[in-house]
Amino acid sequence: MAKEYASDGIHVGHVVVDGAIAGDKIFSRFPDAAGREDSLIDIDGIVDAFAFLYRQPERAWSFELDVRTSKEKW
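Note that the structure is predicted; figures quoted are calculated from it, not measured. (Residues numbered from 1 in each chain as written. Predicted model: local features only at pLDDT ≥ 70, side-chain atom pairs only at ≥ 80, totals over all residues. Heavy atoms only, no water.)

Novice: Break down the nonpolar core for me, with residues and values.
Specialist: If you look at the biggest cluster of nonpolar residues, it comprises six residues: Ile-41, Ile-46, Ala-49, Leu-53, Leu-65 and Val-67. Among the elements that make up this core, the one with the highest residue count is helix H3 (residues 43-54) (three residues). Apart from residues no more than four positions distant in its own chain, Ile-41 is found in contact with Val-17, Asp-18, Gly-19, Ala-20, Ile-21, Ala-22, Ile-46, Val-67, Arg-68 and Thr-69. (Core = buried A, V, L, I, M, F, W, Y, C linked by side-chain atoms within 4.5 Å. Buried < 20%, exposed > 50% of the residue type's maximum accessible area, 1.4 Å probe, protein only. Helix = DSSP H or I, 4+ residues; strand = E, 2+ residues; numbered from the N terminus. Contact = heavy atoms within 4.5 Å.)

Laid out in structure tokens, this is it:
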């Protein structure tokens, strides 16, 4: 899609959110998650990642972005 629509000025990106997101659904289903919130992906961080892609100039587009915490075990 990125190649097909780039000439129309449409920026297509693939965003991988790799982990549990610190939000109401996680906290309501898994109450103990609040105690390990530093290992959950911050919603504001996800928003920042999408805003980063949105603001990129056409001559420097990224097409894939992974979002995860620094606490991930590799």
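Novice: Can you lay out the packing of aromatic side chains for me, pointing to particular residues and giving the numbers?
Specialist: A complete count under the given rule lists one aromatic pair for this structure. An angle of 90° between the planes, with centres 6.4 Å apart, marks the rings of Trp-61 and Phe-63 as edge-to-face. (Phe/Tyr/Trp six-rings, centres within 6.5 Å; stacked < 30°, edge-to-face > 60°.)

Novice: How would you explain the pattern of salt bridges if you had to name every residue and give the values?
Specialist: Counted according to the given criterion, the structure contains two salt bridges. With its nearest N and O atoms 2.8 Å apart, the salt bridge here joins Arg-68 to Asp-18. Of this pair, Arg-68 sits in the segment after strand S4 (64-67) while Asp-18 sits in the loop between strand S1 (14-17) and strand S2 (21-22), and the two are 50 residues apart along the sequence. We classify Arg-68 as partly exposed; its relative accessible area is 28%. With a closest N to O distance of 3.6 Å, Asp-66 and Arg-68 form a salt bridge. Residues joined by salt bridges that share partners form a network here, namely Asp-18, Asp-66 and Arg-68. (Salt bridge = Lys/Arg side-chain N within 4 Å of Asp/Glu carboxyl O.)

Novice: Go over H3 with me, naming the residues and quoting the values.
Specialist: At 3.6 residues per turn, the α-helix brings residues three or four places apart onto the same side. Spanning twelve residues, H3 covers 17 Å between terminal C-alpha atoms, matching the ideal 16 Å at 1.5 Å per step. Along H3, the residues classified as buried are Ile-46, Ala-49, Ala-51 and Leu-53. As for H3, its buried residues are in contact with S1, S2, strand S3 (41-42) and S4. (Expected span 1.5 Å × (residues − 1).)

Novice: Report on the side chain of Gln-56, specifying residues and quantitative values.
Specialist: Take Gln-56: it is sitting in the loop between H3 and S4. A residue is classified by how much of its surface remains accessible, and Gln-56, at 11% relative accessible area, is buried.

Novice: Could you give me a rundown of a negative patch on the surface, with the residues and numbers involved?
Specialist: Taken together, Glu-37, Asp-38, Asp-42, Asp-44 and Asp-48 make up a surface patch of like negative charges. Along the chain, the position of Asp-48 falls in helix H3. The class for Asp-48 is exposed, based on a relative accessible area of 52%. (Patch = residues over 30% accessible without salt bridge, like charges linked within 9 Å, V, L, I, M, F, W, Y side chains within 5 Å. Areas by Shrake-Rupley, 256 points an atom, 1.4 Å probe, with all protein chains shown as cover. Lys, Arg positive; Asp, Glu negative; His and termini not counted. Charge placed at Lys NZ, Arg CZ, Asp CG, Glu CD.)

Novice: Describe the environment of Ala-51, with residues and values.
Specialist: By the element assignment, Ala-51 lies in helix H3. Overall, the relative accessible area of 19% leaves Ala-51 in the buried class.

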